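# Chain and residue survey
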Amino acid sequence: MSSALTIALAKGRILDETLPLLARAGIEPLDDLSSSRKLVFSTNDPNINLVLIRSSDVPTYVQYGAADLGIAGKDVLAEHGGEGLYERVDLKIAPCKMMTAGFAERPLPRTRLKVATKYPEITRRFFLEQGRQVELIKLYGSMELAPVVGLADIIVDLVQTGNTLKANGLTPLETIMDISSRLIVNRAALKMKNNAVRALVERIETAVE
Ligand code: AMP
């Protein structure tokens, strides 16, 4: 079997920090990822290819072995559930917190709390553990708007500086989990391409340190 490896990378915010990390591990794409419209990229290492996809799709590509490895935020990994993959290295990039947020001065309703989020699984698990009944409202973006227009009582979202919440009059309430990007590996690839995968994981691990 070929020992060539494919790494799935997330488009957007994480990519700017991922590329210098990969460069420190000796992996450099032959094209400029941020300006190209391509989705598959060769690198200076003929045995390593990159695919560039939406961040929430990275765990799915790795789960099914379409990519051997991937780099994704802990937020999308926790939402995905982690089936078929191992989380190997905390890359310590794009750190932030998953939090609940709402209006500090507005008391929460005694009836079922309405929670708007892009992360229904994480949110469901968090409130289930606390024994609190909530109504989940799935959104795809701009969560901060939901409490402002009365769509939800609170939101669950990523908070880095807190500026986005503040700009919309919201306050961070409870921390659900600490988030950073992780290197993930397809379970079957770890068995079938063990040497190549382990060597690559070690290179990236060293680059983090
Ligand atoms: P901030 O205003 O710095 O607290 O950033 C919050 C906004 O950026 C929200 O819209 C978040 O969804 C988004 N955000 C913050 N950190 C991350 C991250 N590590 N990955 C993706 N989105 C993030």
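Our subject is the structure listed above.
Residues numbered from 1 in each chain as written. Predicted model: local features only at pLDDT ≥ 70, side-chain atom pairs only at ≥ 80, totals over all residues. Heavy atoms only, no water.

### Side note on the nonpolar core
Residues L9, L69, L91, L183, L200 and I204 are the most contacted members of the largest nonpolar core, which totals 29 residues. At the level of secondary structure, the elements contributing two or more residues to this core comprise strand 1 (5–10), helix 1 (15–24), strand 3 (48–53), strand 4 (69–73), strand 11 (181–186), helix 7 (187–192) and helix 8 (194–208). Considering every element that reaches this core, the biggest residue donor is helix 8, with five residues. With residues near it in sequence (within four places) discarded, L91 still touches L21, I71, S181, R182, L183, I204 and V208. With 15 residues, the next largest nonpolar core counts M98, I122, F126 and M177 among its residues. (Core = buried A, V, L, I, M, F, W, Y, C linked by side-chain atoms within 4.5 Å. Buried < 20%, exposed > 50% of the residue type's maximum accessible area, 1.4 Å probe, protein only. Helix = DSSP H or I, 4+ residues; strand = E, 2+ residues; numbered from the N terminus. Contact = heavy atoms within 4.5 Å.)

### Some remarks on the pairing of strand 11
With respect to burial, strand 11 is a largely interior element, six of its six residues being buried. Neither face of strand 11 is exposed, since S181, L183 and V185 on one face and R182, I184 and N186 on the opposite face are all buried. The sheet contact formed by strand 4 and strand 11 spans five bridges and is antiparallel. Pairing of I71 across the sheet is with L183, part of strand 11. Pairing between strand 5 (residues 85–90) and strand 11: five bridges, direction antiparallel. For V89, the partnering residue across the bridge sits in strand 11 and is L183. (Pairing = 2+ DSSP bridges.)

### Re the packing of helix 1 against helix 8
Orientation of helix 1 relative to helix 8, taken along the N-to-C sense of each, is 110°, at an axis distance of 8 Å. On the basis of the axis angle, helix 1 is roughly perpendicular to helix 8. Viewed along their axes, helix 1 and helix 8 form a crossing whose handedness is right-handed. Note on element contacts: helix 8 touches helix 1 through I204, A207 and V208, opposite L21, L22 and R24. Tallied by class, the residues present in the contact of helix 1 with helix 8 amount to five nonpolar, no polar and one charged. (Axes fitted to C-alpha atoms, helices over the stretch in contact; angles between N-to-C directions. Parallel < 35°, antiparallel > 145°, perpendicular 65-115°, else oblique. Left-handed = near helix turned anticlockwise from the far one by under 90°. Nonpolar A, V, L, I, M, F, W, Y, C, P; charged D, E, K, R; others polar.)

### Structural notes on the sheet that holds strand 4
Spatially, the six strands line up as an open sheet ordered 2-3-1-4-11-5, and their pairing is mixed. Of all the strands in the sheet, the pair left with one neighbour each is strand 2 (40–42) and strand 5. For this sheet, the mean inter-axis angle between neighbouring strands, taken without regard to orientation, is 30°. On the sheet, helix 1 packs against strand 1, strand 3 and strand 4 and is oriented at approximately 145° with respect to strand 1.

### Here we look at the site of the ligand
With respect to spatial proximity, the complete set of residues near the ligand consists of R13, A94, C96, E144, D157, L158, V159, Q160, T161, G162, N163 and T164. R13 is positioned such that a nitrogen or oxygen atom in its side chain is 3.0 Å from an oxygen atom of the ligand. For the ligand, an oxygen atom lies 3.5 Å from a polar atom in the backbone of N163. Put simply, the parts of the chain that give the shell around the ligand at least two residues each are strand 9 (154–159) and helix 6 (163–167). The element that contributes the greatest number of residues to the shell around the ligand is strand 9, accounting for three residues. Here the residues of the shell around the ligand are counted per class, giving four nonpolar, five polar and three charged. (Near = heavy atom within 4 Å. Polar contact = N/O pair within 3.5 Å; in protein donor to acceptor, adjacent residues only side chain to side chain.)

### Here's the deal with helix 8
Spanning 15 residues, helix 8 covers 21 Å between terminal C-alpha atoms, matching the ideal 21 Å at 1.5 Å per step. Buried residues of helix 8: V197, L200, V201, I204 and A207, and no others. One side of helix 8 carries all its buried residues, which in axial view fall inside an arc of 120°. In helix 8, the exposed residues that point more than 90 degrees away from the buried face are N195 and T206. (Expected span 1.5 Å × (residues − 1). Arc of directions from axis to C-beta.)

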